[in-house]
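Chain by chain, the residues run as shown.
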Amino acid sequence: MSKKIGILTGGGDCPGLNAVIRGVVKSAIIRHGWQVVGIEDGFDGLLDLKKCRPLTLESVRGILPRGGTILGTTNRGNPFDYPVEQDGRIVRVDISDRVVENFRTLGIGALIAVGGDGSLKIALELAKKGVPVVGIPKTIDNDLCETDFTFGYNTALETATDALDKLHTTAESHHRVMILEVMGRYAGWIGLESGIAGGADVILIPEIPFHLDKICTAIKERVARGSRFSIVVAAEGAFPAGGDRIVAKEADERCTIERLGGIGQYVAKEIAQCLDMDVRVTVLGHLQRGGSPTTFDRSLGSRFGTKAVQMIADGEFGRMACLKGRTITSVTIEAATKTLKLVDPEGEIVRTAEDLGIMTGR
Ligand code: F6P
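Residues numbered from 1 in each chain as written. Predicted model: local features only at pLDDT ≥ 70, side-chain atom pairs only at ≥ 80, totals over all residues. Heavy atoms only, no water.

1. Looking at the overall build of the chain
Alright, step 1. Across its full length, the chain carries 10 helices and 15 strands.
Alright, step 2. Taken over the C-alpha atoms alone, the chain extends approximately 70 × 50 × 35 Å along its principal axes.
Alright, step 3. Residue burial in the chain is summarised as follows: out of 362 residues, 53% are buried.
Alright, step 4. Accessible surface, the chain: about 15,500 Å² in total, of which carbon and sulfur atoms supply 48%.
Alright, step 5. The positive charge centre, built from 44 side chains, and the negative charge centre, built from 46, are 6 Å apart in the chain. (Helix = DSSP H or I, 4+ residues; strand = E, 2+ residues; numbered from the N terminus. Buried < 20%, exposed > 50% of the residue type's maximum accessible area, 1.4 Å probe, protein only. Areas by Shrake-Rupley, 256 points an atom, 1.4 Å probe, with all protein chains shown as cover. Lys, Arg positive; Asp, Glu negative; His and termini not counted. Charge placed at Lys NZ, Arg CZ, Asp CG, Glu CD.)

Below, the structure is given as structure tokens:
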């Protein structure tokens, strides 16, 4: 194998990406004596060779505690379904051959793709075209299967729990219902675990369609018991039974996935109509994707990074580094991208929430 490897970060950013990059660069150079090429802005970087630069020990100095990614990223650049302007309108074309060609021109022996479900599916397609690929699981949503945790999730949870702690005191002072809208497009992990950790009274997640009357009754019962405030956590992908997810912006030819947002306001309006209480909404948004990674995410990111390099040394291509229990191991990218890891509505964590008296809307 050529002693040069490439690394790119794709999809939405999250805390811990720089720990991964540092782990890859350090172990590739220190243990194996390889060179590392950093590819900017996800797979887009392989469409433009000017976006590929050497990464040295110097380039990764001091980045461990930094959020974001020094390589940049995008959640739009799928080379198999790429938007290009033709005759004044946007059409989608497969330009993956250019990616493969550029990969070869760079003289890279293997590519490390750090990403969530979408980026890893692209990596899998490139693997089928002969690119030796190794994946690393990233997403604050923690919805990738075949790994117990993705890095970034723990930091996002901390941010959400901290927000809940802060909302608690003001909710209590003003006797208000405070709604916190958190991320979680398909999976409610952030909402569920931060809600438990932050002492929420109501948790709404995409896996459990909710009934507004039950939420209102739960809040009324709290008032009757003397608690004149309530805390509601709503994942952006949560929706009422028989209804739809709240879309902030529809998909279009440039962005094939709709943007979610607005569930907090929707629930607030409905609650305000049935209860005589002051309701306020906080949308936590991209704060969950930013900030310095927690100890857990720095450690997990570093372990994933060094594991991916070892996987290349061992010729384990088409596979993704993952965490099973306390051990870092690997699985096929195919298995990791087959389905999403969703919250089990009948599972132990939802049961814990409900045993604590938290209303899940059902
Ligand atoms: O995949 C992570 C995620 O945070 C989702 O929960 C959310 O829907 C999405 O990213 C938002 O992405 P952006 O606004 O950056 O396009």
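2. Topic: the site of the ligand
Alright, step 1. If you check the shell around the ligand, you find N75, I140, D141, M183, G184, R185, E236, H286 and R289 and nothing else.
Alright, step 2. In isolation the ligand offers 400 Å² of accessible surface; the protein chains occlude 74% of this area.
Alright, step 3. When residues of the shell around the ligand are assigned to domains, at least three map to each of domain 1 (4-151 + 293-325) and domain 2 (154-289 + 344-355). (Near = heavy atom within 4 Å. Domains from an automatic or database assignment.)

3. Here we look at the domain arrangement of the chain
Alright, step 1. What the domain assignment reports for the chain is domain 1 (4-151 + 293-325) and domain 2 (154-289 + 344-355).
Alright, step 2. Of note, the centres of domain 1 and domain 2, computed from C-alpha atoms alone, are 32 Å apart.
Alright, step 3. Facing the 18 residues of domain 1 at the interface are 17 residues of domain 2.
Alright, step 4. The junction of domain 1 with domain 2 conceals about 1,500 Å² of combined surface from both sides, 54% of it contributed by carbon and sulfur atoms.
Alright, step 5. Summed over the shared surface of domain 1 and domain 2, the result is 1 salt bridge.
Alright, step 6. Between R289 and D13 there is a salt bridge whose closest N-O contact spans 3.0 Å.
Alright, step 7. Put simply, the parts of the chain that give the side of domain 1 that touches domain 2 at least two residues each are β4 (82-86), β5 (89-93) and α8 (295-313). (Contact = heavy atoms within 4.5 Å. Buried area = accessible area lost by both parts, 1.4 Å probe. Salt bridge = Lys/Arg side-chain N within 4 Å of Asp/Glu carboxyl O.)

4. Some details on a nonpolar patch on the surface
Alright, step 1. Residues Y186, I257 and L342 make up a contiguous nonpolar surface patch of roughly 240 Å² in combined accessible area.
Alright, step 2. Among the structural elements, L342 can be located in the loop between α9 (333-336) and α10 (348-355).
Alright, step 3. By relative accessible area, which is 41% here, L342 ends up partly exposed. (Patch = residues over 30% accessible without salt bridge, like charges linked within 9 Å, V, L, I, M, F, W, Y side chains within 5 Å.)

5. Description of the pairing of strand β2 (residues 35-39)
Two faces make up the sheet, and in a regular strand the side chains alternate between them.
Alright, step 1. The buried fraction of β2 is high, at 4 of 5 residues.
Alright, step 2. Examined bridge by bridge, strand β1 (residues 4-9) and β2 share 5 bridges and lie parallel to one another. Bridge pairing in β2 links I7 to G38.
Alright, step 3. This β-α-β element, β1 to helix α1 (residues 17-30) to β2, shows right-handed connectivity.
Alright, step 4. Where β2 meets strand β3 (residues 52-55), 4 bridges bridge the pair, whose relative direction is antiparallel. Note that in β3 the partner of V36 across the bridge is L55. (Pairing = 2+ DSSP bridges. Right-handed = clockwise from strand over helix to strand, strands pointing away.)

6. A few points about the environment of E85
Alright, step 1. For E85, the position within the fold is in strand β4.
Alright, step 2. With 169 residues separating them in the primary sequence, E85 and R254 have C-alpha atoms 10.0 Å apart.

7. Examining the sheet that holds strand β8 (residues 176-182)
Alright, step 1. Pairing is parallel in the open sheet, where 4 strands are placed in the order β9-β10-β8-β13. Of all strands in the sheet, those with a lone pairing partner are β9 (202-204) and β13 (278-283), marking the two edges. Looking at each pair of strands side by side, their axes are set apart by 15° on average, direction ignored.
Alright, step 2. With 3 bridges joining them, β9 and strand β10 (residues 230-235) adopt parallel strand pairing. Looking across to β10, one finds that L204 is bridged to A234.
Alright, step 3. Sitting on the sheet, helix α4 (residues 153-174) is in contact with β8, β10 and β13, with an inclination near 165° to β8.
Alright, step 4. Against the sheet, helix α7 (residues 263-274) contacts β8, β9, β10 and β13, and its axis sits at roughly 155° relative to β8. (Axes fitted to C-alpha atoms, helices over the stretch in contact; angles between N-to-C directions.)

8. So, the sheet that holds β1
Alright, step 1. Spatially, 7 strands are ordered β3-β2-β1-β6-β7-β14-β15 in an open sheet, and the strand pairing comes out mixed. The open sheet terminates on both sides in strands that have one partner only, identified here as β3 and β15 (327-332). Each adjacent strand pair in this sheet contributes to an overall mean axis angle of 30°, direction not counted.
Alright, step 2. One ladder, built from 5 bridges, connects β1 with strand β6 (residues 110-115); its direction is parallel. Within the sheet, the bridge partner assigned to T9 lies in β6 and is V114.
Alright, step 3. Across the sheet, α1 lies against β1, β2, β3, β6 and β7 (133-137), angled at about 180° from β1, the strand it touches most.
Alright, step 4. Sitting on the sheet, α8 touches β1, β6, β7, β14 (319-324) and β15, and the angle it makes with β14 is about 140°.

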